[in-house]
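Below, each chain spelled out in residue letters.
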Amino acid sequence: MAKQLNEIDAESLTFKARVAALGNLPEFFKLVWQTSRWMTICNFLLRIARSMMPLAILWVGKHIIDEVVLLGTGRAGVSQEFLWKLVGLEFGLAILTDILNRSINLMDGLLGDQFANYTSVRIMKHAATLDLDQFEDSVFYDKMERARQQTVGRTVLLSQVMGQIQDLITMGFLAVGLVAFNPWLILLLLATILPAFIGESYFNDRSYALSRRRTPERRELDYVRYLGASDDTAKEIKVFNLSGFIIDRFKTLSEKFYTENRQLSQRRATWGTFFSFLGSTGYYLAYVYIIYKTINGAVTIGELTFLAGSFRQMRGLMEGVLLRFTAVSQGAIYLSDFFEFFEIEPKIRKLLNAKPFPNPIRLGFVFENVGFQYAHSSRWANRHLSFTLHPGEKLALVGENGSGKTTLVKLLARLYDPTEGRILLDGVDLKAYDLDELRLNVGIIFQDYLRYQMTLAQNIAAGNIIEQDNRALIESAAKQSLADTLIEKLPAGYDQMLGKRFANGVDLSGGEWQKVALARAYMKDAQLLILDEPTAALDARAEYEVFERFAELTKGKSAVLISHRFSTVRMADRILVLDKGQLIEIGSHEELILKKGRYAELFELQAKGYR
Ligand SMILES: Nc1ncnc2c1ncn2[C@@H]1O[C@H](COP(=O)(O)OP(=O)(O)OP(=O)(O)O)[C@@H](O)[C@H]1O
């Protein structure tokens, strides 16, 4: 379980909160371990080997100097052989250190990349299980955004934690020699470094609070950046001449970020200089003490270099470890966002004892006083809906913009569950059925379908991706939706890359894209097919043909069509007329015309336009 961030006051992180956040590290290492076991082990072993190097080099260095001093005295019988062996040994150690450094960097990089990929996949997998309304919630979006950022940011944390362990081991080795000489000097070093640690913690807190507070703005900044420089937006930005407006918005937001960051960075730099001064003072006090001891003959020159070197390294390591502690705990706190994201549970999910989807449907779908309110909205998008969709029936939904047509079909496809009332399928609540089977049996093509910047075959196969290699099925789906008429225009046929984003991509017209999207509906043998304004971009002839085929192909199956074109709507068995989310009329085209109600009025209005 991640240490919940809301348990921690995000604006001011206490030392206790930082230590508590370290509790996320075991979970983090579990993820690293799952990413690649052998790389984790290799990394660890390399770092242990590397942590012994400083002491070994200093130790050999001490002996070299003592040998040189001995040889300098010119005493008879002292050979140089031992000295040169020592120099050779130090050279070997230096080379080994370099090799270890390079290998550690390589391992960190490779493991980091693998970790980023692994966690990105985990995020995508988890996101896929979540409910549509969770994606429409900005708090959720912020959380997902922060989790997404973790995937790259956390590879740095990996190196930091590993580095921390390595440095602590190195310090342990160095401390053995130093404690033997004078334990007080280590305390002196610690005392002069501690203020830097406290200062660093403070500034890290501020920068974390700032970054957290700014998540919504950062998302907006990313969005504005996308608006300002993307192939999707270029056309509209140009014709409306919006670039100035967008750049101004970008500047306002980015300058706000910059000013806040600059103030913090300046204060940090000023205090940092002062803390470094304290640290250096501590080190030089110790240094002077060792020199004094050497002059008095209590230690040899070799020992002087060994001790001074050990102290210098100890200071660097202590500083590094203490400062890195704040960075590591910071990273661990960010990890809370990451783990919190995985703790978000979908409401609409597969039940363990789910019922199999009926095949064939015997009684149809029954709406019983169904109402739906979007999250954070006090208005009802659908209310008091009661009707039956019989097996094999073709229903059309008609109504003005915002009357609740799309919401109704989303309820039918269980993208949302009703806020009140229930939807029954063959007498059983829709919620009781197996979700995967429901998705296979209810095909839906939305008005805002995606234009995948992928091949034509992949665009069609998106309707049932497990059949992506079934070329015969893809071609037959294309035929049914008239997408096959595009083939002669596409140099690479079904393998033609569509869209402008990638090399050799061919862009399609709105109606052509729509034919491709429609083909997705024919990729699976769904028992209920929902088309939400599927032909809005088609020309009159294409629309007529599409529906002729649709009626033929969906014989015996249920279908729901949403359309503003009455030429399409009238082909349906029954028509539902919606107004402000409520059902106001239901019947066949002829019945509704005779009734002279809203449908007849809307029909007449459109017919007038053609006369
Ligand atoms: N994701 C959403 N979050 C909040 N409110 C929404 C959401 N989607 C739609 N609404 C609101 O619900 C109401 C019904 O919308 P819906 O999309 O179902 O209408 P529609 O009849 O399909 O409209 P159109 O003909 O314009 O496609 C509208 O008032 C709309 O503003």
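Thresholds, definitions, all that
Residues numbered from 1 in each chain as written. Predicted model: local features only at pLDDT ≥ 70, side-chain atom pairs only at ≥ 80, totals over all residues. UniProt positions renumbered as here; feature names shortened; annotations may be inferred. Helix = DSSP H or I, 4+ residues; strand = E, 2+ residues; numbered from the N terminus. Rg over C-alpha atoms; globule rule 2.2 N^0.38 Å. Buried ≥ 20, exposed ≤ 12 C-beta atoms within 10 Å, placed from the backbone. Contact = placed C-beta atoms within 7 Å. Pairing = 2+ DSSP bridges. Near = placed C-beta within 6 Å. Nonpolar A, V, L, I, M, F, W, Y, C, P; charged D, E, K, R; others polar. Core = buried A, V, L, I, M, F, W, Y, C linked by C-beta atoms within 7 Å. pLDDT = per-residue confidence, 0-100. Axes fitted to C-alpha atoms, helices over the stretch in contact; angles between N-to-C directions. Domains from an automatic or database assignment. Parallel < 35°, antiparallel > 145°, perpendicular 65-115°, else oblique. Left-handed = near helix turned anticlockwise from the far one by under 90°. Right-handed = clockwise from strand over helix to strand, strands pointing away. Expected span 1.5 Å × (residues − 1).

The name an unreviewed UniProt entry assigns to the protein is ABC transporter related, from the organism Pedobacter heparinus. Here is the UniProt Subcellular location (unreviewed entry) comment for the protein, exactly as written: "Cell membrane".

Enquirer: Any chance you could explain the overall build of the protein here in plain terms?
Expert: Looking only at helices and strands, the protein features 20 helices and 10 strands. Compactness check: the protein gives a C-alpha radius of gyration of 35 Å against a globular reference of 25 Å for 611 residues, more than 25% above the reference. Over its C-alpha atoms, taken along the principal directions, the protein stretches across nearly 125 × 55 × 50 Å. Counting over 611 residues, the protein shows a buried share of 31%. In the protein, the proportion of contacts linking residues at least 24 apart, taken out of those at least 6 apart, comes to 77%.

Enquirer: In this structure, what is going on with the sheet that holds strand 1 (residues 365-372)? I would like to understand it.
Expert: Through backbone hydrogen bonds, the strands of a sheet pair up, either in parallel or in antiparallel fashion. Spatially, four strands are ordered 2-1-4-5 in an open sheet, and the strand pairing comes out antiparallel. Each having just a single partner strand, strand 2 (382-389) and strand 5 (428-429) make up the two edges of the open sheet. Inspection of the sheet shows strand 4 (residues 420-425) paired to strand 5 by two bridges, in the antiparallel sense. Counted as the bridge partner of Leu-425 is Val-428 from strand 5.

Enquirer: Sorry if this is basic, but what is going on with unusual backbone geometry here?
Expert: Leaving glycine out, the prevailing phi sign among residues is negative, and the prevailing peptide bond configuration is trans. Cis geometry marks the peptide bond from Asn-359 to Pro-360, where omega comes out at 5 degrees. Mapped onto the secondary structure, Pro-360 falls in the loop between helix 11 (301-343) and strand 1. We note that Asp-426 has phi near 50 degrees; this positive angle belongs to a residue other than glycine. A count of 17 C-beta atoms within 10 Å places Asp-426 in the partly exposed class. The phi dihedral of Lys-580 is positive, around 45 degrees, even though this residue is not glycine. Topologically, Lys-580 is positioned in the loop between strand 9 (574-579) and strand 10 (582-587). A count of 15 C-beta atoms within 10 Å places Lys-580 in the partly exposed class.

Enquirer: I would appreciate a short explanation of the site of the ligand in the present structure.
Expert: In the region of the ligand, the neighbouring residues are Glu-136, Tyr-374, Ser-377, Ala-381, Gly-399, Asn-401, Gly-402, Ser-403, Gly-404, Lys-405, Thr-406 and Thr-407. Counting residues per element, the shell around the ligand draws most heavily on helix 12 (residues 405-412), which supplies three residues. Taken together, the residues of the shell around the ligand sort by class into two nonpolar, eight polar and two charged.

Enquirer: It is not clear to me how the nonpolar core should be interpreted in this structure. Could you clarify?
Expert: Leu-397, Leu-412, Ile-460, Ile-530, Val-560 and Ile-575 are the most contacted members of the largest nonpolar core, which totals 69 residues. Top element by residues in this core is helix 16 (residues 510-521). It accounts for six residues. The residues touching Val-560, leaving out its near neighbours within four places in the chain, are Leu-389, Leu-395, Leu-397, Val-409, Leu-412 and Ile-530. Formed by 45 residues, the second largest nonpolar core is a distinct cluster that contains Met-162, Ile-290, Met-318 and Phe-341.

Enquirer: Just checking my understanding: could you explain the pairing of strand 4 for this structure?
Expert: Looking down a regular strand, the side chains alternate between one sheet face and the other. Relative to strand 4, strand 1 runs antiparallel, the two being bridged by five bridges. Along strand 4, the bridge assignment pairs Glu-368 with Arg-422. The hairpin turn running from strand 4 into strand 5, its antiparallel successor, is two residues long, and Asp-426 in that turn takes a positive phi close to 50 degrees.

Enquirer: Is there a simple way to explain the UniProt feature "domain: ABC transporter" (unreviewed entry) in the protein in this structure?
Expert: Under the local residue numbering, the UniProt record ascribes the feature "domain: ABC transporter" (unreviewed entry) to residues 365-605. Along residues 365-605 the backbone is 32% helical and 23% strand, and the end-to-end C-alpha distance reaches 32 Å.

Enquirer: For this particular structure, what's the right way to read the confidence of the model for the protein?
Expert: The predicted structure's coordinates, where accompanied by low pLDDT, should not be read in detail. Mean pLDDT for the protein: 87, with 96% of residues reaching 70 or above. In the model, residues 1-11 has pLDDT below 50 throughout and makes 24 contacts with residues more than four positions away in sequence or in other chains. Across the whole predicted complex the pTM is 0.73, and at the interface the ipTM reaches 0.97.

Enquirer: What is the right way to read the sheet that holds strand 3 (residues 394-399) from this model?
Expert: Taken in spatial order, the six strands of this open sheet run 6-7-8-3-9-10, and their pairing is mixed. Edge positions in the open sheet fall to strand 6 (442-445) and strand 10, since each of these has one partner strand only. In this sheet, adjacent strand axes meet at a mean angle of 15 degrees when their direction is disregarded. Relative to strand 6, helix 16 is tilted by about 175 degrees, and along the sheet it contacts strand 6 and strand 7 (528-532).

Enquirer: Explanation requested: the domain arrangement of the protein in the structure shown.
Expert: Accessible area lost when the parts come together is the quantity often used to give the size of an interface. The domains assigned to the protein are domain 1 (15-343) and domain 2 (365-453 + 508-610). One C-alpha centre belongs to domain 1, the other to domain 2; they are set 57 Å apart. Taken together, the contact pairs four residues of domain 1 with four residues of domain 2. In the side of domain 1 that touches domain 2, the residues fall into one nonpolar, no polar and three charged.

Enquirer: Sorry, what's going on with the environment of Arg-520 here?
Expert: Counting through the fold element by element, Arg-520 comes out in helix 16. Considered as a pair, Arg-520 and Gly-199 are 321 residues apart in the sequence and their alpha carbons are 59 Å apart. Leaving out residues up to four positions away in the same chain, Arg-520 has contacts with Ile-445, Ile-460, Ala-462 and Gly-463.

Enquirer: I'm lost on the packing of helix 3 (residues 37-72) against helix 11 in this one. Help?
Expert: Working note: a packed helix pair is described by the angle between its axes plus the distance between those axes. At a minimum axis distance of 7 Å, the contact between helix 3 and helix 11 shows a crossing angle of 155 degrees. With respect to helix 11, the element helix 3 is oriented roughly antiparallel. Relative to helix 11, helix 3 is oriented so that their crossing is right-handed. Touching Pro-54, Leu-58, Trp-59, Gly-61, Lys-62, His-63, Ile-65, Asp-66 and Val-69 of helix 3 are Ile-301, Gly-302, Glu-303, Thr-305, Phe-306, Gly-309, Ser-310 and Gln-313, all from helix 11. Considered class by class, the residues forming the contact of helix 3 with helix 11 number seven nonpolar, seven polar and three charged.

Enquirer: What's the story with the pairing of strand 8 (residues 558-562) in this structure? I'm lost.
Expert: Taken across its five residues, strand 8 has five buried, putting it largely inside the fold. Two elements, strand 3 and strand 8, share four bridges in a ladder whose sense is parallel. By the bridge assignment, Lys-394 is partnered in strand 8 with Ala-559. As paired strands, strand 7 and strand 8 are joined by five bridges and run parallel to one another. Looking at the pairing, Leu-528 lines up with Ser-558 of strand 8. The β-α-β motif built from strand 7, the intervening helix 17 (residues 540-553) and the parallel element strand 8 has right-handed crossover chirality.

Enquirer: What's the story with helix 16 in this structure? I'm lost.
Expert: Since one α-helical turn is 3.6 residues long, residues separated by three or four positions face the same way. Its 12 residues place the ends of helix 16 18 Å apart at the C-alpha level, agreeing with the 16 Å of an ideal helix rising 1.5 Å per residue. The element helix 16 is extensively covered by neighbouring structure, given that 10 of its 12 residues are classed as buried. Restricting attention to buried positions, one finds in helix 16 the residues Glu-512, Trp-513, Gln-514, Lys-515, Val-516, Ala-517, Leu-518, Ala-519, Arg-520 and Ala-521. In this structure, the buried residues of helix 16 make contact with strand 6, helix 14 (456-461), helix 15 (471-481), strand 7 and helix 17.

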